[in-house]
Amino acid sequence: MSQAFLSASQYTTAYGVHVVALVGDIDHTTVGTFRQALTPPGGSAPHTVVDCRDVTFMDSSGINILVAANNAARSHGGSLRLAHTPAPVLELLRIVGLDDLIPVYPTLEDALAPPAAA
């Protein structure tokens with residue numbers, strides 16, 4: 001059995017949003033990469049958007065990291081959003097109820113848009 005692979009690229013937008021683009025599997029062998037990618041350089045960006053379009057698999061290890069990252073962002077007045085979440089990953093988020101806690105957007109552009117005024 002081969003070990004899972006996950007790569008992450010990241011940047012910060014002009015508005016201070018930390019964007020993480022993932023490629024590969026999120027499981028117990030790759031959670032270190034996932035956790036590290038969700039930590040903005042210098043901890044300077046409280047808002048994070050994760051582009052999941054190239055995530056091919058996620059297990060409970062990934063769910064645990066998302067919960068921790070969401071809690072950390074909220075405790076600092078920030079947010080965590082997911083974009084381009086593939087159907088199998090989205091189904092997992094729905095099963096565990098995480099889609100009710102972390103907003104999921106169809107595109108990266110939608111996830112980066114500021115919230116609509118109430």
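Calculation criteria
- Residues numbered from 1 in each chain as written.
- Predicted model: local features only at pLDDT ≥ 70, side-chain atom pairs only at ≥ 80, totals over all residues.
- Heavy atoms only, no water.
- Pairing = 2+ DSSP bridges.
- Helix = DSSP H or I, 4+ residues; strand = E, 2+ residues; numbered from the N terminus.
- Contact = heavy atoms within 4.5 Å.
- Axes fitted to C-alpha atoms, helices over the stretch in contact; angles between N-to-C directions.
- 1 Å grid on protein atoms, 1.4 Å probe; cavity = no way out; pocket = protein on both sides within 12 Å on 5 of 7 lines; lining within 4 Å.
- Points joined across faces, edges and corners; volume = space filled by probe spheres on them.
- Nonpolar A, V, L, I, M, F, W, Y, C, P; charged D, E, K, R; others polar.
- Core = buried A, V, L, I, M, F, W, Y, C linked by side-chain atoms within 4.5 Å.
- Buried < 20%, exposed > 50% of the residue type's maximum accessible area, 1.4 Å probe, protein only.
- Right-handed = clockwise from strand over helix to strand, strands pointing away.

1. A look at the sheet that holds strand β2 (residues 17–26)
Pairing within the open sheet is mixed, and its five strands lie in the order β1-β2-β3-β4-β5. The open sheet terminates on both sides in strands that have one partner only, identified here as β1 (6–12) and β5 (104–105). Sheet topology note: the strand β4 (residues 79–83)/β5 ladder contains two bridges and is parallel. Within β5, the position partnered with alanine 83 by the bridge is tyrosine 105. On top of the sheet, helix α3 (residues 87–96) reaches β3 (47–58), β4 and β5; it is set at about 115° to β3, its chief contact.

2. Concerning the layout of surface pockets
The rolling of a water-molecule-sized probe over the atoms marks out the regions of remaining empty space. Taken as a whole, the largest pocket spans an internal volume of roughly 340 Å³. Mapped by element, the contributors of at least two residues to the lining of the largest pocket are α2 (60–75) and β4. Along the lines of polarity and charge, the residues of the lining of the largest pocket split into ten nonpolar, five polar and one charged. In this structure, the second largest pocket occupies an estimated 220 Å³ of space. In terms of lining, the second largest pocket is formed by 13 residues, of which the most central are Val17, Arg81, Leu112, Ala113 and Pro114. Looking at the lining of the second largest pocket, the elements that each hand over two or more residues are β3, β4 and α4 (108–112). Per element, the largest residue contribution to the lining of the second largest pocket is three residues, and it comes from β3.

3. Considerations on the nonpolar core
Counting 23 residues, the largest nonpolar core has Leu22, Phe34 and Leu66 as the members making the most contacts within it. Elements supplying a minimum of two residues to this core: β2, α1 (31–37), β3, α2, β4 and α3. In this structure leucine 66 touches Phe34, Met58, Leu80, Leu82, Leu93, Leu98 and Ile102, once residues within four positions along its chain are discounted. One finds Val19, Ala83, Leu108 and Ala111 within the second-largest nonpolar core, a separate group that totals six residues.

4. What to know about the pairing of β3
Direction of pairing for β2 relative to β3: parallel, over a ladder of nine bridges. Bridging across to β3, valine 23 finds its partner in aspartate 54. Inspection of the sheet shows β3 paired to β4 by five bridges, in the parallel sense. Bridge pairing links valine 50 to leucine 82 in β4. Assessed by its sense of winding, the connection that carries the chain from β3 through α2 to β4 is right-handed.

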